[in-house]
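# Structural overview for review
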Amino acid sequence: MATQASKVVSFDWEGTDRSGKKVKGSISGNNIALVKAQLRKQGINPTKVRKPAFSFGGPKKKKITPFDIAIFVRQLATMMKAGVPLIQSFEIVADGLENPSLSELVNTIKTDVASGNSFAGALRKHPRHFDDLFCNLVDSGEKSGALETMLDRVASYMEKTETLKKKVKKAMTYPISVVVVAFIVTVILLIKVVPQFESMFSSFGADLPVFTQFVVGISEWMQEYWLMLIGFLVVAFFIFKEAKIRSEKFRDALDRLTLRLPIIGIIVDKSSVARFSRVLSTTFAAGVPLVDALESVAGATGNVVYRNAVNIIRDDVASGTQLQYSMKQTGVFPAMAVQMVSIGEESGALDTMLDKVADYFEEEVDNLVDNMTTLMEPIIMAVLGVLVGGLIIAMYLPIFQMGQVV
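The following refers to the structure shown.

How each quantity is defined
Residues numbered from 1 in each chain as written. Predicted model: local features only at pLDDT ≥ 70, side-chain atom pairs only at ≥ 80, totals over all residues. Heavy atoms only, no water. Helix = DSSP H or I, 4+ residues; strand = E, 2+ residues; numbered from the N terminus. Rg over C-alpha atoms; globule rule 2.2 N^0.38 Å. Buried < 20%, exposed > 50% of the residue type's maximum accessible area, 1.4 Å probe, protein only. Contact = heavy atoms within 4.5 Å. Areas by Shrake-Rupley, 256 points an atom, 1.4 Å probe, with all protein chains shown as cover. Axes fitted to C-alpha atoms, helices over the stretch in contact; angles between N-to-C directions. Parallel < 35°, antiparallel > 145°, perpendicular 65-115°, else oblique. Left-handed = near helix turned anticlockwise from the far one by under 90°. Patch = residues over 30% accessible without salt bridge, like charges linked within 9 Å, V, L, I, M, F, W, Y side chains within 5 Å. Salt bridge = Lys/Arg side-chain N within 4 Å of Asp/Glu carboxyl O. Phe/Tyr/Trp six-rings, centres within 6.5 Å; stacked < 30°, edge-to-face > 60°. Core = buried A, V, L, I, M, F, W, Y, C linked by side-chain atoms within 4.5 Å. Polar contact = N/O pair within 3.5 Å; in protein donor to acceptor, adjacent residues only side chain to side chain.

### Regarding the overall build of the protein
Of the regular secondary structure elements, the protein holds 16 helices and 3 strands. On C-alpha atoms alone, the protein measures out to a radius of gyration of 29 Å, which is more than a quarter above the 22 Å that the 2.2 N^0.38 rule sets for 406 residues. Projected onto its principal axes, the C-alpha positions of the protein cover 100 × 65 × 35 Å. Burial statistics for the protein: of 406 residues in total, 37% are counted as buried. Long-range pairs, those at least 24 residues apart, make up 60% of the contacts in the protein with a sequence separation of at least 6. Counting every atom, the protein has about 23,100 Å² of accessible surface; 60% of that belongs to carbon and sulfur.

So this is what it looks like as structure tokens:
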């Protein structure tokens, strides 16, 4: 925040002058608070002050991320806990947001609530940013008269969930990016470097080693069909992307395959248990009945194996079975999670125990990601060494053989 405060930027503002007339304009300043102070000295009562969205060839809206929504909810909860009314909280939060798109969204919600709609009802008009779980939790908070407490819980849940997602993505992105780089380097060597050696080998008048012939054959194929290969990879990528969006069976098969992968499967498995525990704790603590809470949890686990397991648990609990017994019967939840839930049910502190389960497995995911990143570095270096070193050996092998003959 200190670096932002020292940087002078331009702000757009709207307000009223001393006669009550609406005015607007732009002004330079270090931050929104100082800009408002400058405007008040000029006799203007500012109602809106924001940074203009960057545009190149036309206005461009900045994307609203889940982290942006988490920040909005956290700030709103803080304002309401301080005793600021909901409508005024919207105005204060909207003025302080750096993302113009989010500020516009908050102002739209404020207008809906000010016109008589419930907060949850206003949120349901924006399903792209607020899912059913989010809206249901806010609705529970409104009906129970503890909206500020519920918003605080929702903010904590979103922050921890998004942090967990970020760690899992980091764990999967690193090896994939290195494999792509290794593939590109290998293709460049086969298309540009190997042909230079091939022209030299043609003057030897002797049979090349089998390994060299194999590499030269791949190089000749790559030179002739490299465009076709790139086209195939691009088409395959788009088919994969569309299949993932449109086909539920494909997504389910992909989820099951992910859980079977070494290391990455363990990370996804533990993160699914963490999400299950975190969401169930948040919804149950909000006063949502356990069966209804499990229905919300099913879609939040992020994996079809756990989604199906949670649906089975929901049906079992609805018929009178204990939660811990049903979890054990599914065979997908770790024994530690089942035991903690059992203690929570017996002590009447299920939400607290679920929170501890979520904390434990989130920490496990964190440690696994760190360990995997550390282990991947020497493995990746070894893979790159084998690829590049293998090509170099294949090219120099005929030269070594000629030296032995001489």
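On we go.
### Remarks on the packing of helix H3 (residues 66-81) against helix H4 (residues 86-96)
For any two helices packed against each other, one specifies the inter-axial angle together with the distance between the axes. Running from amino to carboxyl end, H3 crosses H4 at an angle of 135°, the nearest separation of the two axes being 9 Å. Comparing the axis directions of H3 and H4 gives the class oblique. Crossing of H3 over H4 shows right-handed handedness. Together, Phe72, Gln75, Leu76, Met79 and Met80 of H3 and Leu86, Ser89, Phe90, Ile92 and Val93 of H4 make up the contact between the two elements.

### What to know about a nonpolar patch on the surface
A grouping of Ile176, Val180, Phe183, Ile184, Ile188, Phe232 and Leu233 is seen on the molecular surface, where their side chains present a nonpolar patch of about 660 Å² in accessible area. Elements with a contribution of two residues or more to the nonpolar patch: helix H8 (147-201) and helix H9 (210-246). You can call valine 180 partly exposed: its relative accessible area is 42%.

### Here we look at the packing of aromatic side chains
Considering all chains together, one arrives at 8 aromatic pairs under this definition. Relative to phenylalanine 238, the ring of phenylalanine 237 has its centre 5.6 Å away and its plane inclined at 75°; by these criteria the two rings are edge-to-face. Judged by centre distance (5.1 Å) and plane angle (90°), the ring pair of tyrosine 360 and phenylalanine 361 falls under edge-to-face. One aromatic cluster in this structure is built from Phe276, Tyr306 and Phe333.

### Some details on the pattern of salt bridges
Scanning all chains against the criterion turns up 13 salt bridges. Close ionic contact of glutamate 159 with arginine 74 constitutes a salt bridge, the shortest N to O distance being 3.0 Å. Within this pair, whereas glutamate 159 is found in helix H8, its partner arginine 74 is found in helix H3, the two being separated by 85 residues in sequence. The class of glutamate 159 is partly exposed, set by a relative accessible area of 28%. Residue arginine 74 is classed as partly exposed on the basis of its relative accessible area of 23%. As a salt-bridge pair, arginine 314 and aspartate 315 come within 3.4 Å of each other at their nearest N and O atoms. You can call arginine 314 partly exposed: its relative accessible area is 21%. When its relative accessible area of 44% is taken as the criterion, aspartate 315 is described as partly exposed. Salt bridges sharing common partners tie together Arg74, Lys81, Asp152 and Glu159.

### A closer look at the environment of glycine 141
You can see glycine 141 is positioned in helix H7 (residues 132-144). Distance from glycine 141 to phenylalanine 201, taken between C-alpha atoms, is 77 Å for residues 60 residues apart in sequence. Ignoring any residue separated from it by four or fewer positions in sequence, one finds glycine 141 in contact with Ala146, Leu147 and Met150.

### A short note on the side chain of asparagine 107
When you line up the elements, asparagine 107 lands in helix H5 (residues 100-114). Sequence-distant contacts of asparagine 107, that is, excluding residues within four places in its chain, are made with Lys48, Arg50 and Ala94.

### Digging into the nonpolar core
Ranked by size, the top nonpolar core spans 76 residues in total, and within it Phe119 and Leu323 carry the most contacts. Those residues in contact with phenylalanine 119 that sit more than four places away from it in its chain are Leu76, Leu86, Phe90, Ile109, Val113, Val138, Glu142, Leu147 and Leu151. Counting 13 residues, the second-largest nonpolar core is a separate cluster that includes Ile191, Val194, Val216 and Leu229.

### Looking at the side chain of arginine 278
Following the sequence through the fold, arginine 278 ends up in helix H11 (residues 264-285). Judged by its relative accessible area of 4%, arginine 278 falls in the buried class. At 2.6 Å, the side chain of arginine 278 and the side chain of aspartate 359 are in polar contact. Those residues in contact with arginine 278, other than ones at most four positions away along the chain, are Tyr157, Lys160, Thr161, Asp355, Ala358, Asp359 and Glu362.

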